[in-house]
Amino acid sequence: MDATSRALAAVRSAPTILAAINRFPALSAAAAADHPRAAHAHLRDAIARRDDDVVAIGAVHALASVRPPVEGGSNPAHALLADLLADPAPHLREHAVWALDSVPPVPEALPALVAMVAEGRFTGTLAQRTLETWGVTAPELVREALDGALAADAPPTEARERLIETRELLAEPPAPAPEPAPAPEPAPAPRGLAPAPRGLAVAQVFLHADIDGSLRHAGQGDTGGVATLLVHLAEALTATPGRVERVLTISRGDPDRMDAALAMLGAPGRHYVGIPFPGRRRNAADAWPLRVVARRSIRRILRAAAPVDVIHLRMADVGSWAAADAARELGIPIVLTLAPDPHALLAAREAEGSLTRHTLGAADHSEHLIFRIQLLRDLADRADHVVLFPRPTLERDARELLGIDLATHPARVTVVPEGIDLAPFDRALAEVAAAAGPSPGTAAPVSPDTAAALSELDDLLATLPPGRRHLPLALSVGRLHRVKGMATLVEAWARHPELCGRCNLLLVGGDLADPTDDEAEQLH
């Protein structure tokens, strides 16, 4: 049995789906080491069997590592990847697009890749990245394919925009090598004393929220707990004078405010910069096609804020993908907060039986599970430092879920508990108490936002029938998303007359005037 056969057998016999995915690199290495014809044949047969989605997906990626039978000749394994672009199984088409990103240009694959770019969605994003990679070594070949699609049959506006965006990537010059950050101008100081050093500048990214220092959009769309955490983290980082001078929080935002925000990024303090995205507001799962505009915008922000000492990433999403690329181009170190998601979710679904080796392909095509797992692994490999959350079996979970051996590079990993900041609750409690009537000797200020919120609550409660106004209020605060269970809570409350008769139910969260798709689903 040759190396490719043994590696395929190892993937097939892995005790869990995640363990099998973790064996993909060994399968690719075996395919690269074996005789090309034998490796190609084994992988082709594994894909054709269609009895194990995990094995088939691993074999697709391993095809990219197979050497050509003759030095400098054509590569049948790469040609098979091009053929898979027309496979009936959507998940195999998608993984073939992804695998082609790591091989030399395959001319016969260009028409299908260009068509996928025009169609959009996640597969189109992967196709765009493959064409961008091929454009480095064969720009004319890729440009000709894109121009042909633009000239033929007048593609719809959105498809045309995607093709033009991809063509523009071929014209972007390679990023120059990062230059050392200039030394800060010395501050005036008494003779004999050194000038005070410049404090650190930290950037943090979460593109699926409208984040500002006052959290005015909290609870709307995807502006949930992560957005709140980043605001509190910015406050904590700048609380100690001299250590962190600036914190830049990059999120989604208003195009009218971006230029003004860029002009202020050099000043000490906390800065909130919103990136304007074209079209309708997208949730995190649908935002992958924003990769190019996100990368360009983040690059622009980081350059305007230079020097930036470190960028903090924490999600397996398009924002982290784009920000990591921009940071690498500009030579900015990365700190990654690494949580086992979607790893733990995949493992839990397999344990309960809702996800199997035979259903993984469909789930992966819908949720991009393997791509997100690999994205986190790539980010961890690129990161200068990795932060983990405490777990009862941290070393084992890091190894089995994340593929990280904590004993190998202990200085590169820090474990930090992510607690709840109670200070905002204390402030809110004090303000509400003061609004109700300050006690003698207290002078708790009431902010305009708190006063407005309390007035709005009074007006809302006044609309209750008189017979319900004396009932206690059950309050739930959070995003209107199915993972939060808001609709389930309302249904349970409404279906139990005893419960409904004991209290009023108030939900706080969501954008009722312009709901996202997720919010509309919960509202209806």
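Since the structure is predicted, the reported quantities are computational estimates derived from the model, not experimental observations.

### Points about the nonpolar core
L81, W134, I298 and I311 are the most contacted members of the largest nonpolar core, which totals 117 residues. The residues contacting L81, other than those within four sequence positions of it, are V60, L63, A64, A96, A99, L100 and V103. The next biggest cluster of nonpolar side chains, apart from the first, holds six residues, and it includes F206, A227, L230 and V231.

### Observations concerning the confidence of the model for the protein
It should be kept in mind that the predicted coordinates are not to be read in detail where pLDDT is low. Looking at the protein, the pLDDT average stands at 88 and 92% of residues meet or exceed 70. In this model residues 180–187 is a low-confidence stretch, pLDDT under 50, and it forms four contacts with partners more than four residues away in sequence or in other chains. Segment residues 189–196: pLDDT under 50, and four contacts once partners within four positions in sequence are set aside and those in other chains are kept.

### Concerning the environment of E431
Note on placement: E431 falls in helix α20 (residues 423–436). For E431, a relative accessible area of 16% gives the class buried. Along the primary structure E431 and V415 are separated by 16 residues, whereas in three dimensions their C-alpha atoms are 35 Å apart. Contact partners of E431, with chain neighbours within four places excluded, come to P445, V446, S447 and T450.

### Regarding the sheet that holds strand β4 (residues 310–313)
Within the open sheet, the seven strands sit side by side as β3-β2-β1-β4-β5-β6-β7. Their pairing is parallel. Edge positions in the sheet fall to β3 (269–275) and β7 (413–415), since each of these pairs with one other strand and no more. Taking each pair of neighbouring strands and ignoring which way they run, the sheet shows an average axis angle of 20°. Most of the contacts of helix α14 (residues 291–304) go to β3, to which it runs at about 155°, and overall it touches β1 (200–205), β2 (244–252), β3 and β4.

### Things to note about unusual backbone geometry
Here A306 and P307 are connected by a cis peptide whose omega angle stands at 0°. Within the secondary structure, P307 is located in the loop between α14 and β4. In this structure, R50 takes a positive phi of about 55° despite not being glycine. Relative to the helices and strands, R50 is located in the loop between α4 (36–49) and α5 (53–63). We classify R50 as partly exposed; its relative accessible area is 42%. The residue H368 is not glycine, and still its phi comes out positive at about 55°. In this structure, H368 sits in the loop between α17 (360–367) and α18 (369–382).

### Section: α17
Taken together, the buried positions of α17 are occupied by L360, G361, A363 and D364. Looking straight down α17, one finds its buried side chains confined to an arc of 165°; they lie on one side. Projecting away from the buried face of α17 at angles above 90 degrees are the exposed residues A362 and S366. Residues of α17 that are buried in the fold lie against α2 (17–22), α5, α7 (90–100), α16 (343–352) and α18. Following α17 by one or two positions, H368 adopts a phi angle in the positive range, close to 55°.

Calculation criteria
Residue indices follow the written sequence of each chain, beginning from 1 at its first position. Local features in this predicted model are restricted to residues whose pLDDT is 70 or higher, and side-chain atom pairs enter the listing and the counts only when it is 80 or higher, whereas totals over whole chains, interfaces and linings include all residues. The basis for the side-chain values is all heavy atoms of the structure; hydrogens and waters are excluded. For our purposes a nonpolar core is just a set of buried Ala, Val, Leu, Ile, Met, Phe, Trp, Tyr and Cys residues, chained together by side-chain atoms within 4.5 Å. Three exposure classes are used, based on accessible area relative to the maximum for each residue type with a 1.4 Å probe and protein chains only: buried under 20%, partly exposed in between, and exposed over 50%. Whether two residues are in contact is decided by their heavy atoms: any pair within 4.5 Å suffices. Every residue gets a pLDDT, meaning the predictor's confidence in that residue, from 0 to 100. Helix and strand labels come from DSSP, where a helix needs a run of H or I of at least four residues and a strand needs a run of E of at least two; each type is numbered from the N terminus. Pairing between two strands is assigned when DSSP locates at least 2 bridges connecting them. Here the axes come from fitting lines to C-alpha atoms, over the contacting stretch only for helices, and the angles between their N-to-C directions go from 0 to 180 degrees. Our arc is simply the arc of the directions from the helix axis toward the C-beta atoms.

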